[in-house]
Amino acid sequence: MTDDITAGSPASDTSLPGDGYVGDPAVRAEWDNRYADRQQLWSGRPNGALVAEIAGLTPGRVLDVGCGEGADAVWLARGGWDVTALEVSGVALERAAGHARDADVTVRWVHAALTEAALPPASFDLVSAQYPALLRTPDAAAERALLAAVAPGGVLLLVHHAGMDTQEAHESGFDPADYVWPSMVAALFTDDWKVEVNEQRPRVAPDGGAGAHHTDDLVLRARRLR
């Protein structure tokens with residue numbers, strides 16, 4: 001998702017998300033409910049770590065994992081990127097598609113869970129996952145899906161809230177042990193990957209929106225060599 005994991009047909013056309021959701025219906029319902037509770041859940045601005053980390057990259061094909069209401073996707077499209085944006089919430093995708101129309105940019109929307117989406121393998125110059133709510137599985141399906149999407153020479157950028165992975169389960173039912181964190185992805189890197197950034201840093205947070213209380217990011221950026 002765009003800012004905060006705790007806030008509450010695989011491919012569609014470029015205008016409206018459609019209803020061909022692929023994934024766990026319970027996960028979709030959970031996130032639809034979170035978005036439906038508020039007219040706007042996130043700030044509407046691109047994530048600061050994304051803006052900083054891709055400043056030197058040549059625009060190409062990008063996958064925005066957990067695109068939320070589309071702030072990153074729209075910003076990337078305005079910057080010349082060919083954007084595919086993936087999200088489990090249909091409510092969020094409808095809002096994102098509206099923002100893209102308002103900005104007069106084209107985005108390819110995918111209404112699916114990352115592990116269920118029919119994404120072309122090894123085809124994205126950038127895979128961006130900003131504070132994603134990716135469920136952990138014994139076979140590391142989500143981690144492997146992130147890596148598999150990156151083209152040779154491309155970049156994986158994974159950003160999360162520092163310290164959340166070591167927290168105890170919340171009374172609300174949120175348990176960090178259920179989710180994928182940057183260290184889990186980094187553990188799967190082979191000699192085919194070069195880690196360019198792996199650090200904790202103060203978060204440059206957009207004003208407003210859920211998740212604004214988090215002050216530090218974990219930033220993992222790696223390039224696929226072959």
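This text goes with the structure placed above it.
Parameters at a glance
Residues numbered from 1 in each chain as written. Predicted model: local features only at pLDDT ≥ 70, side-chain atom pairs only at ≥ 80, totals over all residues. Heavy atoms only, no water. Buried < 20%, exposed > 50% of the residue type's maximum accessible area, 1.4 Å probe, protein only. Helix = DSSP H or I, 4+ residues; strand = E, 2+ residues; numbered from the N terminus. Pairing = 2+ DSSP bridges. Right-handed = clockwise from strand over helix to strand, strands pointing away. Phe/Tyr/Trp six-rings, centres within 6.5 Å; stacked < 30°, edge-to-face > 60°. Lys NZ or Arg CZ within 6 Å of the ring centre and 35° of its normal.

Participant: Residue-level account of helix H3 (residues 71–78), with values.
Facilitator: Across the 8 residues of H3, 6 count as buried, placing the element largely inside the fold. Listed as buried for H3 are Ala71, Asp72, Ala73, Val74, Leu76 and Ala77. Gly80 sits one or two residues past H3 and shows a positive phi near 95°.

Participant: I'd like a rundown of the pairing of strand S3 (residues 107–111), residues and numbers included.
Facilitator: Among the 5 residues of S3, 4 are classified as buried, and the element is accordingly described as predominantly covered. Bridge count between strand S2 (residues 82–87) and S3: 5 bridges; the pairing is parallel. Across the sheet, Glu87 pairs through a bridge with His111, a residue of S3. Between the parallel pair S2 and S3, the chain is carried across by helix H4 (residues 90–103), and the sense of this crossover is right-handed.

Participant: Summarise the packing of aromatic side chains; cite the residues concerned and give the values.
Facilitator: Overall, the coordinates contain 2 aromatic pairs when judged by the stated rule. Ring plane angle 45° and centroid distance 6.4 Å describe the contact between Trp31 and Tyr35, whose orientation is recorded as tilted. Here the residue Trp31 and the residue Tyr35 both occupy positions in helix H1 (residues 25–36), the gap between them amounting to 4 residues, near one helical turn. Here the two residues Trp31 and Tyr35 agree in accessibility, since each one is buried. Looking at Arg34, its charged tip hangs above the ring of Trp31, at a distance of 4.4 Å from the centre. The ring of Phe124 has Arg61 lying over it, and the distance from NZ or CZ to the ring centre is 5.0 Å.

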